[in-house]
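# A closer look at the structure
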Amino acid sequence: VQLVESGGGLVQPGGSLRLSCAASGFTFSSYLMRWYRQAPGKEREWVAAISSSGGTTNYADSVKGRFTISRDNAKNTVYLQMNSLKPEDTAVYYCNAFRTFTYWGQGTQVTVSS
């Protein structure tokens, strides 16, 4: 089982980034997919979730209206489009797959700074 995040980097406040998480080794289309983040000195927090079919999405209040989660089951990939980024969005972003078991990626760093 592998979840590999990519797309992180340094961006100025107000900018955008698109994170990707490529999955392998399990039936991706059957799993709820989620994004979490962890800022330095803080606990990991849930950011967004998408149902197995992609028909239902949910967001933390802190990112609602700015972030969009999506998935492509044909490519076994989940995405997080992040717009209007703020310094407080700085964190390591992790993707998570959940059904009976839960799997985590290794994370990708997002830094929002001028």
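Preceding block: the structure.
Below is a short write-up of the structure. None of the values given here were measured: they were computed from a predicted structure.

Conventions and cut-offs
- Residues numbered from 1 in each chain as written.
- Predicted model: local features only at pLDDT ≥ 70, side-chain atom pairs only at ≥ 80, totals over all residues.
- Heavy atoms only, no water.
- Buried < 20%, exposed > 50% of the residue type's maximum accessible area, 1.4 Å probe, protein only.
- Helix = DSSP H or I, 4+ residues; strand = E, 2+ residues; numbered from the N terminus.
- Pairing = 2+ DSSP bridges.
- Core = buried A, V, L, I, M, F, W, Y, C linked by side-chain atoms within 4.5 Å.
- Contact = heavy atoms within 4.5 Å.
- Lys, Arg positive; Asp, Glu negative; His and termini not counted.
- Salt bridge = Lys/Arg side-chain N within 4 Å of Asp/Glu carboxyl O.
- Polar contact = N/O pair within 3.5 Å; in protein donor to acceptor, adjacent residues only side chain to side chain.
- Disulfide = S-S within 2.5 Å.

## Re the pairing of strand S11 (residues 108-112)
The alternating pattern of S11 places Thr 108, Val 110 and Val 112 on a buried face and Gln 109 and Thr 111 on a face that is not buried. Looking at chain direction, strand S2 (residues 9-11) and S11 are connected through three bridges and run parallel. Following the sheet pairing, Val 11 is matched in S11 by Val 112. Where strand S9 (residues 91-98) lies against S11, three bridges are found, and the strand directions are antiparallel. Across the sheet, Val 92 pairs through a bridge with Gln 109, a residue of S11.

## Concerning the nonpolar core
Generally speaking, soluble globular proteins have nonpolar side chains that are buried together. Judged by nonpolar contacts, the single largest core of 30 residues is most densely connected at Trp 35, Val 78, Leu 80, Met 82 and Tyr 93. Elements supplying a minimum of two residues to this core: strand S3 (17-24), strand S4 (32-38), strand S5 (45-50), strand S7 (67-72), strand S8 (77-82), S9 and S11. Other than its neighbours up to four places away in sequence, Leu 80 contacts Leu 17, Arg 18, Leu 19, Trp 35, Val 47, Ala 48, Phe 67, Thr 68, Ile 69 and Tyr 93.

## Some remarks on the environment of Val 4
With respect to the helices and strands, Val 4 occurs in strand S1 (residues 2-6). In the structure, Val 4 is positioned 27 residues away from Tyr 31 in sequence and 16 Å away in space, judged by C-alpha atoms. Ignoring sequence-local partners within four residues, the contact set of Val 4 consists of Ser 20, Cys 21, Ala 22 and Gln 106.

## Let's talk about the side chain of Arg 71
For Arg 71, the position within the fold is in strand S7. Although Arg 71 is buried, it makes no salt bridge; Asp 72 carries the closest opposite charge, 8.3 Å away. Among the polar contacts listed, one links the side chain of Arg 71 to the side chain of Asn 73, at a separation of 2.8 Å. If near-sequence neighbours (up to four positions away) are discounted, Arg 71 is found in contact with Phe 28, Ser 29, Tyr 31, Leu 32, Met 33, Ile 50, Ser 51, Ser 52, Gly 54, Thr 77, Val 78 and Tyr 79.

## Focus: the pattern of salt bridges
Within this structure, the stated rule accounts for four salt bridges. Residues Asp 89 and Arg 37 are paired through a salt bridge, measuring 2.9 Å at the closest nitrogen-oxygen approach. In this pair, Asp 89 is assigned in the loop between S8 and S9 and Arg 37 in strand S4, connecting sequence segments 52 residues apart. Taken as a pair, Asp 89 and Arg 37 share a single burial class, namely buried. One salt bridge connects Asp 61 with Lys 64, and the closest N-O pair in it is separated by 3.2 Å. A network of salt bridges, in which partner residues are shared, links Arg 37, Glu 45, Arg 66 and Asp 89.

## Some details on the state of the cysteines
Disulfides are covalent bonds that connect the sulfur atoms of two cysteines. Evaluation of the coordinates by the stated rule reveals one disulfide. With its sulfur 1.9 Å from that of its partner, Cys 21 forms a disulfide with Cys 95. Residue Cys 21 is found in strand S3, and its partner Cys 95 is found in strand S9; the two are separated by 74 residues along the sequence. Taken individually, Cys 21 and Cys 95 each receive the classification buried, so the pair is uniform in this respect.

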